[in-house]
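Here is how the chains run, residue by residue.
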Amino acid sequence: GAVVSQHPSWVICKSGTSVKIECRSLDFQATTMFWYRQFPKQSLMLMATSNEGSKATYEQGVEKDKFLINHASLTLSTLTVTSAHPEDSSFYICSAWTGGLEKLFFGSGTQLSVL
Amino acid sequence: GENVEQHPSTLSVQEGDSAVIKCTYSDSASNYFPWYKQELGKRPQLIIDIRSNVGEKKDQRIAVTLNKTAKHFSLHITETQPEDSAVYFCAATGGSYIPTFGRGTSLIVHP
């Protein structure tokens, strides 16, 4: 299947710092990418829809100033967690539709731990 | 918006038995229904999907059925193996192309 690359796989940071997570579609162009947050033993919670060349669409309850999303090219979307706090610790994962909106593939996820 | 219900939340079977996971959805406009398998700490992997113009699809030991009238779809795994143990998610996608996921089913296959 198509490849979606996500980096870093895990990150530990101090409270108050910012963390950037990258999501890349390696062998296809992705006009739309999604960012999710997943708590242990729970489902995928959609945070925002990232649209290439335009502003992201955030789900209700997600702070857009805290979770900055940029989709500057057809193969790259970034999620920046600003002024991270321990409650932001979670597994963050991106996904992207392949060309023609045929199938949805996921990145490998990023485990964020804020101390 | 779309609402997807998934049952059961936990399913325990003996190796070799069949496993069935069921999902219902609310938006009649939904037309794409993928299933994902997620192992602990890893990404969800697409294992099979079905579109609304098809009633059933099979890939080796895995099959998915769709009943558009009743708005439900199911995942069937035959001859289960210990390596099938994982969390399985269903999803429904309509015209907005934003998939809505079920809560997940933790499948445990006992050797």
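The notes below deal with the structure included here. (Residues numbered from 1 in each chain as written. Chains lettered and ligands numbered in written order. Predicted model: local features only at pLDDT ≥ 70, side-chain atom pairs only at ≥ 80, totals over all residues. Heavy atoms only, no water.)

Turning our eyes to something else, we now look at the overall build of chain B. From N to C terminus, chain B includes zero helices and 11 strands. From first element to last, N terminus to C terminus, chain B shows the α and β order β-β-β-β-β-β-β-β-β-β-β. A compact globule built from 111 residues would reach a C-alpha radius of gyration of about 13 Å, and chain B, at 13 Å, matches this within 12%. Its C-alpha atoms give chain B principal-axis dimensions of roughly 40 × 30 × 20 Å. (Helix = DSSP H or I, 4+ residues; strand = E, 2+ residues; numbered from the N terminus. Rg over C-alpha atoms; globule rule 2.2 N^0.38 Å.)

Backbone hydrogen bonds are what pair the strands of a sheet, in a parallel or an antiparallel way. Residues and elements named next belong to chain A. Ordered by their spatial adjacency, four strands build an open sheet running 1-3-8-7, and the pairing between neighbours is antiparallel. The strands lining the two open edges of the sheet, one partner per strand, are strand 1 (4-7) and strand 7 (67-73). Each strand of the sheet is rotated relative to its neighbour by a mean of 15°, with strand direction disregarded. Looking at chain direction, strand 7 and strand 8 (residues 76-81) are connected through five bridges and run antiparallel. The partner of Leu68 across the bridge, within strand 8, is Thr80. (Pairing = 2+ DSSP bridges. Axes fitted to C-alpha atoms, helices over the stretch in contact; angles between N-to-C directions.)

Turning our attention to the sheet that holds strand 3 (residues 19-25) of chain B. Residues and elements named next belong to chain B. Taken together, five strands build an open sheet; the order of strands is 1-3-8-7-6 and the sheet is antiparallel. If you trace the sheet from one side to the other, it starts and ends with strand 1 (4-7) and strand 6 (56-59), each paired once. The sheet shows a mean angle of 15° between the axes of neighbouring strands, taken without regard to direction. Relative to strand 3, strand 1 runs antiparallel, the two sharing four bridges. What sits directly across from Glu5, in strand 3, is Thr24.

Turning to the environment of Leu66(B), a few remarks are in order. By the secondary structure assignment, Leu66(B) is in strand 7 (residues 62-67). Excluding residues within four positions of it along the chain, Leu66(B) makes contact with Tyr25(B), Phe33(B), Ile50(B), Arg51(B), Ser52(B), Val54(B), Gly55(B), His72(B) and Phe73(B). (Contact = heavy atoms within 4.5 Å.)

Moving on to the side chain of Ser30(B). Residue and element names in this part refer to chain B. Note on placement: Ser30 falls in the loop between strand 3 and strand 4 (32-38). Residue classification places Ser30 among the buried positions, given a relative accessible area of 1%. Look past the residues within four positions of Ser30 in its chain and what remains in contact with it is Glu2, Tyr25, Ser52, Lys68, Ala92, Thr93 and Gly94. (Buried < 20%, exposed > 50% of the residue type's maximum accessible area, 1.4 Å probe, protein only.)

Here the focus is the interface of chain A and chain B. Taken together, the contacts link 20 residues of chain A with 18 residues of chain B. Carbon and sulfur atoms make up 61% of the area that chain A and chain B hide from each other, which totals about 1600 Å². On the surface where chain A and chain B come into contact, there are one salt bridge. Residue Lys103(A) is joined to Asp49(B) by a salt bridge in which the shortest nitrogen-to-oxygen separation is 2.6 Å. Linking chain A to chain B there are seven residue pairs in polar contact (both at pLDDT 80 or more). (Buried area = accessible area lost by both parts, 1.4 Å probe. Salt bridge = Lys/Arg side-chain N within 4 Å of Asp/Glu carboxyl O. Polar contact = N/O pair within 3.5 Å; in protein donor to acceptor, adjacent residues only side chain to side chain.)

Judged by nonpolar contacts, the single largest core of 41 residues is most densely connected at Tyr36(A), Phe67(A), Leu104(A), Phe106(A), Leu112(A) and Phe101(B). When residues in this core are grouped by element, the largest group, six residues, is from strand 9 (residues 90-97) of chain A. In contact with Phe67(A), other than residues within four places in its own chain, are Arg37(A), Met47(A), Tyr58(A), Val62(A), Leu79(A), Thr80(A), Val81(A), Asp88(A) and Tyr92(A). By size, the runner-up hydrophobic cluster in this structure holds 24 residues, among which are Cys23(B), Ile47(B), Val64(B) and Leu107(B). (Core = buried A, V, L, I, M, F, W, Y, C linked by side-chain atoms within 4.5 Å.)

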